[in-house]
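# Notes for the structure review
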Amino acid sequence: MLSYWGDHGLGDWSRIPLGHGKQVAQIDGTRAFIQNTNYEKGNGISIEKFQITNNFLCGKTQENYSKYPGDYFVFDLKNNDVIFFKDHSKYEIYSEINNLPLTNKFKDFNCHYKKYWHGWRFWLLA
């Protein structure tokens, strides 16, 4: 139940496993974030919307957090490297070149959580 793949959070804490021992977590249903990156300032990277593909988490940082070098990012789950992009157009160019999801594919934490922890996963692993 509380293994890496089975623990979906208890009470006010929720999580989505990403692989490579990483997770997107959410506290009190308000702030989604990722930790354990090579870019660590405070409590990880706060995420507004994101998409997971292969070994990458691509996303948009939360708007009210101006402490990041850019509004969009690509997190390499395998190598723990994070690349930030100042604006939407720079991310879009990078994502097209590297076959990563475009920003119109980004979804919020609740959408990903429901998709991941649906049906049998929720009942058998929870």
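See the structure shown above.
For clarity, every value in this text was computed on a predicted model and none was experimentally measured. (Residues numbered from 1 in each chain as written. Predicted model: local features only at pLDDT ≥ 70, side-chain atom pairs only at ≥ 80, totals over all residues. Heavy atoms only, no water.)

Our next topic: the environment of Lys 105. Relative to the helices and strands, Lys 105 is located in the loop between α1 (88-97) and α2 (109-116). Between the C-alpha atom of Lys 105 and that of Gly 59, which follows or precedes it by 46 residues, the distance is 9.7 Å. In this structure Lys 105 touches Phe 50 and Gln 51, once residues within four positions along its chain are discounted. (Helix = DSSP H or I, 4+ residues; strand = E, 2+ residues; numbered from the N terminus. Contact = heavy atoms within 4.5 Å.)

To continue, consider the packing of aromatic side chains. Two descriptors summarise a pair of aromatic rings, namely the distance from one centre to the other and the angle between the planes of the rings. A complete count under the given rule lists eight aromatic pairs for this structure. Consider the rings of Phe 109 and Tyr 113, whose centres lie 5.8 Å apart with planes at 25°: the pair is stacked. Of the two residues, Phe 109 and Tyr 113 both sit in helix α2, four residues apart, roughly one turn of that helix. A residue is classified by how much of its surface remains accessible, and Phe 109, at 3% relative accessible area, is buried. Residue classification places Tyr 113 among the buried residues on the basis of a relative accessible area of 19%. Here the aromatic residues Tyr 72, Phe 85, Tyr 91, Tyr 94 and Phe 106 are joined through ring pairs into a cluster of three or more. The cationic tip of Lys 60 hangs over the ring face of Tyr 72; the distance from NZ or CZ to the ring centre is 5.6 Å. (Phe/Tyr/Trp six-rings, centres within 6.5 Å; stacked < 30°, edge-to-face > 60°. Buried < 20%, exposed > 50% of the residue type's maximum accessible area, 1.4 Å probe, protein only. Lys NZ or Arg CZ within 6 Å of the ring centre and 35° of its normal.)

With that settled, consider the sheet that holds strand β2 (residues 22-27). Backbone hydrogen bonds hold the strands of a sheet together, and the pairing may be parallel or antiparallel. The antiparallel open sheet is built from seven strands, whose spatial order is β1-β2-β3-β4-β5-β6-β7. Both edges of this open sheet fall to β1 (13-19) and β7 (81-85), since each of them pairs with a single strand only. Geometrically, the sheet is characterised by an average inter-axis angle of 30° between neighbouring strands, direction not taken into account. Relative to strand β3 (residues 31-34), β2 is paired through four bridges, and the arrangement is antiparallel. Of the residues in β3, the one forming a bridge with Val 24 is Ile 34. Along the sheet, α1 makes contact with β5 (56-61), β6 (72-76) and β7, crossing β6 at roughly 35°. Docked against the sheet, α2 engages β1, β2, β3 and β4 (45-53), running at close to 70° with respect to β1. (Pairing = 2+ DSSP bridges. Axes fitted to C-alpha atoms, helices over the stretch in contact; angles between N-to-C directions.)

Let's shift gears to the pairing of β6. Where burial is concerned, most of β6 is hidden: five out of the five residues are buried. Of the two faces of β6, the one carrying Tyr 72, Val 74 and Asp 76 and the one carrying Phe 73 and Phe 75 are both buried. Both β6 and β7 contribute to a ladder of five bridges, which runs antiparallel. Counted as the bridge partner of Tyr 72 is Phe 85 from β7. If you look at the hairpin formed by β6 and β7, you'll find four residues sitting between the two strands, and Asn 80 has a positive phi there, around 65°.

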